[in-house]
Structure formats: structure tokens, C-alpha cells
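The lines below spell out each chain.
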Amino acid sequence: ETGVTQSPTHLIKTRGQQVTLRCSSQSGHNTVSWYQQALGQGPQFIFQYYREEENGRGNFPPRFSGLQFPNYSSELNVNALELDDSALYLCASSPGQPDNYGYTFGSGTRLTVV
Amino acid sequence: AQSVTQLGSHVSVSEGALVLLRCNYSSSVPPYLFWYVQYPNQGLQLLLKYTSAATLVKGINGFEAEFKKSETSFHLTKPSAHMSDAAEYFCAVSDNTNAGKSTFGDGTTLTVKP
């Protein structure tokens, strides 16, 4: 098992820019979720993808969007970056419904918006 | 709506002492409950999960948790703390009403003193 890998590990963007974060899910995992973790807080659910379709979304604006590819890898796109978007972005995969299995998390991408 | 409260943002124990990390949840439907551990600069690792089977759940690294419906609690315990247990611990709740959405608490940082 290779686990969940995310890239890049760190990046710095300017307010108003756009960013794409990437995630390779663990082998055999067909469900991918993205979470935002602000400093000192627990992760907040952004959305989930299953079979290339978004099938669950948290309280995030439409400028947060994503994709899932046939190999179950995923991207998180954020447009019009704001300072408050600075956080650790975590990708998590599951072999099915996360309620039953829990998640395998990646190490995250640390995004800093200046 | 679901929510999680972790009592105590910081807990300190001596090596060999009992570890008790508290978690109370709120859910309008029977919950799925999870404990995750996060080491510095890493993603979250699943310690254990409750999915409506046995109320006492055993996890990795000697941790266990007991689901108590009457108290809406899912406290995490370990009989004897090791230095390697020092990390941040997150309790999470989910249900089947919003695919993939786990709601996390704000975490408890465990310090283990020699």
C-alpha cells in the first residue's frame, strides 16, 4: 500500500490567484474527500468525490471546486484566493463509504496566501 | 446537524499513567464515531472507529474507546502512556445523511512527561 500522496507539500500564493492541489488516493480506494484544517482547529469537510462525481459538500463557496479522475486521483481547485484560505489542505481516501471504513489521510498541502 | 466537543485542548500525563481523552458528540441519527491521531507535519491516522457493533472498540497502539449512548460520549483511553503517544488527537462523528462528511472536534494535544 502506497498510502495517500499529496502535492505540493507547501506553496505560497498571492491573494486573488488560483491554486490547484493534487492527490493520489491509496490503491483500491475509490472515494476521495478534501478537508481544510486551519491552525489550531480540526479538519473541515470541503467535498467528497465518488466515481468522478461530487456526492457531498460542506459549507464552502463555489470557488472551491474539484475533480476526480478515472484512476481515482483528485484535484482541489481554489479560485480568487483570500487570506483566510491559508490552511493545511488534507486529502483523504476510503475504499467505500467513509462512515464504514474511516479515512486514510495524506500529509497535506500547506497553503499560505499573502 | 452533528457536532463534536473535545473537553480539554491540552492533556498532560506521565509515562506509564492512564490516558483519558474526552469526546462528546451530538447527532440526530445513530452516529459513526472515530478517533484519529496527528503527529507534527503529518496527516491524520485512524486509531479506531465505532460503527454500531460492539460498544467497546479496540484500536491500534493499545488505545480503546467506549460508546455510551446515554452520555453521548466516546472517550479514548490507554492504560499506560508511552512517550511515542505524544501527538494531537481528534474525535470525529459522521452519519449517512451527508456522504463523506465527518465533523471533527478541535483536537486534544497529549503531552507525555518522562
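Note that the structure is predicted; figures quoted are calculated from it, not measured.

**Here we look at the pattern of salt bridges**
Residues and elements named next belong to chain A.
- Across all of its chains, the model carries 6 salt bridges over all chains by this definition.
- Where Glu-54 meets Arg-57, a salt bridge forms, and the shortest distance between an N and an O atom there is 3.2 Å.
- Residues Arg-63 and Asp-85 are paired through a salt bridge, measuring 2.8 Å at the closest nitrogen-oxygen approach. Pair noted here: Arg-63 is in the loop between strand S6 (53–57) and strand S7 (64–68) and Asp-85 is in the loop between strand S8 (74–78) and strand S9 (87–94), with a separation of 22 residues, a long-range link.
- Classification of Asp-85 as buried rests on a relative accessible area of 3%.
- One connected set of salt bridges, linked through shared partners, spans Arg-63, Glu-82 and Asp-85.

**Brief notes about the nonpolar core**
- Trp-35, Leu-47, Leu-48, Phe-74, Leu-76 and Tyr-89 of chain B are the most contacted members of the largest nonpolar core, which has 26 residues in total.
- Elements that contribute at least two residues to this core include exactly strand S2 (10–14), strand S3 (19–26), strand S4 (32–38), strand S5 (44–50), strand S7 (64–68), strand S8 (73–78), strand S9 (87–94) and strand S11 (108–113) of chain B.
- Within the second largest apolar cluster, 20 residues are counted, among which are Leu-11, Val-32, Trp-34 and Val-113 of chain A.

**Regarding the packing of aromatic side chains**
- Summed over all chains, the structure comprises 15 aromatic pairs over all chains.
- Judged by centre distance (5.6 Å) and plane angle (65°), the rings of Tyr-103 of chain A and Phe-105 of chain A are edge-to-face.

**A short note on the state of the cysteines**
- Scanning the model with the defined rule gives 2 disulfides over all chains in all.
- For Cys-23 of chain A, the disulfide goes to Cys-91 of chain A, at an S-S distance of 1.9 Å. Of note, the bridge from Cys-23 of chain A to Cys-91 of chain A carries an S-S torsion of about -65° and is left-handed in sense. Linking Cys-23 of chain A in strand S3 (residues 19–24) with Cys-91 of chain A in strand S9, this pair joins segments that are 68 residues apart in sequence. In this structure, Cys-23 of chain A and Cys-91 of chain A share a single accessibility class: buried.
- There is a disulfide in this structure between Cys-23 of chain B and Cys-91 of chain B, and the S-S distance comes to 2.0 Å. Its torsion about the S-S bond being -60°, the disulfide of Cys-23 of chain B and Cys-91 of chain B is classed as left-handed. A residue pair is termed long-range when its members are at least 10 positions apart, and Cys-23 of chain B in strand S3 and Cys-91 of chain B in strand S9 qualify at 68 residues.
- Under the relative-accessibility criterion, Cys-23 of chain B is labelled buried at 0%.

Cut-offs used in this document
- Residues numbered from 1 in each chain as written.
- Chains lettered and ligands numbered in written order.
- Predicted model: local features only at pLDDT ≥ 70, side-chain atom pairs only at ≥ 80, totals over all residues.
- Heavy atoms only, no water.
- Salt bridge = Lys/Arg side-chain N within 4 Å of Asp/Glu carboxyl O.
- Helix = DSSP H or I, 4+ residues; strand = E, 2+ residues; numbered from the N terminus.
- Buried < 20%, exposed > 50% of the residue type's maximum accessible area, 1.4 Å probe, protein only.
- Core = buried A, V, L, I, M, F, W, Y, C linked by side-chain atoms within 4.5 Å.
- Phe/Tyr/Trp six-rings, centres within 6.5 Å; stacked < 30°, edge-to-face > 60°.
- Disulfide = S-S within 2.5 Å.

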